[in-house]
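Residue-level structure breakdown
The lines below spell out each chain.
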Amino acid sequence: MQDTATAREATAARLLKISAGSSYDPEIDIDWQAPQPEGVYYAPAPRLSLYGTPAWDALTPAQRIELSKHEVASIASIGIWFEVLLMRMLLRHITGKDPRSGHVQYALTEIGDECRHSIMFARMIDAFGAPAYQPAAVHRALGRYLGATAGGIQTFAAALVAEEILDALQREAMADESLQPLVRMVSRIHVVEEARHIKFARDELARQVAGSYRLRRGYCRIVVARAAYTVTHALINPQAYAAVGLDPARASKVAWANPRFRATLQWAGSRVTGYFQELGLIEGPAKPVWRAAALI
């Protein structure tokens, strides 16, 4: 027990030091008044959900760029929703713990980061002139359940699913000079700060799994798999397709049948699914749910 506590505090100490020296203020570090160049994509075209389908071929170049804007806005909107949920889960995790500990203080630091990220995503969506897309009612219900009940494994595993998928997409975006500068800057800030959140969640998840009993792990596998399904199925709100004149329900079906889009999801989630397989979190009845999420 002492070894676990010592390792936990060592992780927190490193991350607190990094946070002190490498944090951004989006209000200062992003030029929100800069124009968005015309004819420039907001995400790499091959990563868009309809890319490679007849529905994509039927779109004009301007519609394709507009779709890229709305898909990024949808992903950012879901990012805000999930970051608010993560903050609730982290607050549950530290409630009753010693606030003098580095572990609690880093969790509070991460909550502060997530507040800034949520504002940054919201301002980016507003700068796009796009709506703030909301997850479907069934996904919101799962979020309420997680926010009210999540324990250690669910908290940190669910956090990793959302964080690592978004991290993969943003790492690619921030390095792509053909994309909108605003998207690249927001992606860069989020990637830098999210790297320490991922480290915190990975280390703590491994400790939580090691300290859990078999029945608890079985329950957590199902809950985490369902959370993964929610993350991938909520990423692109069907109403994003309506913005370019497509029928939302029909376009969503086309996207989910699109092998390129499913390959993108599997690529984006490959680091987290590989880690979960090492920890034994993708087994038994949970496996078909992961397949339905297009992550394995």
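Everything below is about the structure printed above this text.
Residues numbered from 1 in each chain as written. Predicted model: local features only at pLDDT ≥ 70, side-chain atom pairs only at ≥ 80, totals over all residues. Heavy atoms only, no water.

Side note on the overall build of the protein
Regarding its fold elements, the protein presents 14 helices and 0 strands. When the helices and strands of the protein are listed from N to C terminus, the series reads α-α-α-α-α-α-α-α-α-α-α-α-α-α. Over its C-alpha trace the protein gives a radius of gyration of 19 Å, about what one expects of a compact globule, namely 19 Å for 296 residues. Its C-alpha atoms put the protein at 60 × 45 × 30 Å along the principal axes. Within the protein, the fraction of its 296 residues that count as buried is 52%. Taking the intrachain contacts of the protein between residues at least 6 apart in sequence as the baseline, contacts between residues at least 24 apart amount to 83%. About 13,100 Å² of surface is accessible on the protein, with carbon and sulfur atoms providing 57% of the total. (Helix = DSSP H or I, 4+ residues; strand = E, 2+ residues; numbered from the N terminus. Rg over C-alpha atoms; globule rule 2.2 N^0.38 Å. Buried < 20%, exposed > 50% of the residue type's maximum accessible area, 1.4 Å probe, protein only. Contact = heavy atoms within 4.5 Å. Areas by Shrake-Rupley, 256 points an atom, 1.4 Å probe, with all protein chains shown as cover.)

Describing the pattern of salt bridges
Applying the stated criterion across every chain, the model contains 15 salt bridges. The shortest N-O distance in the salt bridge between glutamate 164 and arginine 271 comes to 2.4 Å. Of the two residues, glutamate 164 is situated in helix α7 (residues 152-174) and arginine 271 in helix α13 (residues 270-279); the sequence distance between them amounts to 107 residues. Put simply, Asp113, Arg116, Glu193 and Arg196 are held in one network by salt bridges that share partners. (Salt bridge = Lys/Arg side-chain N within 4 Å of Asp/Glu carboxyl O.)

Here's the deal with the packing of aromatic side chains
By the definition in use, this model includes 7 aromatic pairs. Their ring planes at 80° and their centres at 5.7 Å tell us that tryptophan 256 and phenylalanine 261 sit as a pair that is edge-to-face. By relative accessible area, phenylalanine 261 is classed as buried at 4%. Between phenylalanine 276 and tryptophan 290, the aromatic rings sit 5.8 Å apart at their centres with planes inclined by 80°, giving edge-to-face as the arrangement. Taken as a pair, phenylalanine 276 in helix α13 and tryptophan 290 in helix α14 (residues 286-292) lie far apart in primary sequence, 14 residues in all. A residue is classified by how much of its surface remains accessible, and phenylalanine 276, at 0% relative accessible area, is buried. (Phe/Tyr/Trp six-rings, centres within 6.5 Å; stacked < 30°, edge-to-face > 60°.)

Description of the environment of alanine 286
Considering the arrangement of structural elements, one finds alanine 286 in helix α14. Between the alpha carbons of alanine 286 and serine 270 there is a distance of 17 Å; along the sequence they are 16 residues apart.

Some thoughts on the nonpolar core
Residues Phe128, Leu205, Phe276 and Trp290 are the most contacted members of the largest nonpolar core, which totals 90 residues. With 15 residues, the top contributor of residues to this core is helix α4 (residues 61-94). The contacts of tryptophan 290, once residues within four sequence positions are left out, are Val161, Val224, Ala225, Ala228, Thr273, Phe276, Leu281, Ile282, Leu295 and Ile296. (Core = buried A, V, L, I, M, F, W, Y, C linked by side-chain atoms within 4.5 Å.)

Things to note about the side chain of threonine 11
Mapped onto the secondary structure, threonine 11 falls in helix α1 (residues 2-21). The exposure class of threonine 11 is buried, given its relative accessible area of 3%. Among the polar contacts made by the side chain of threonine 11, one reaches the side chain of aspartate 203 at a distance of 3.1 Å. Contacts of threonine 11, omitting those with residues within four sequence positions, involve Asp203 and Arg207. (Polar contact = N/O pair within 3.5 Å; in protein donor to acceptor, adjacent residues only side chain to side chain.)

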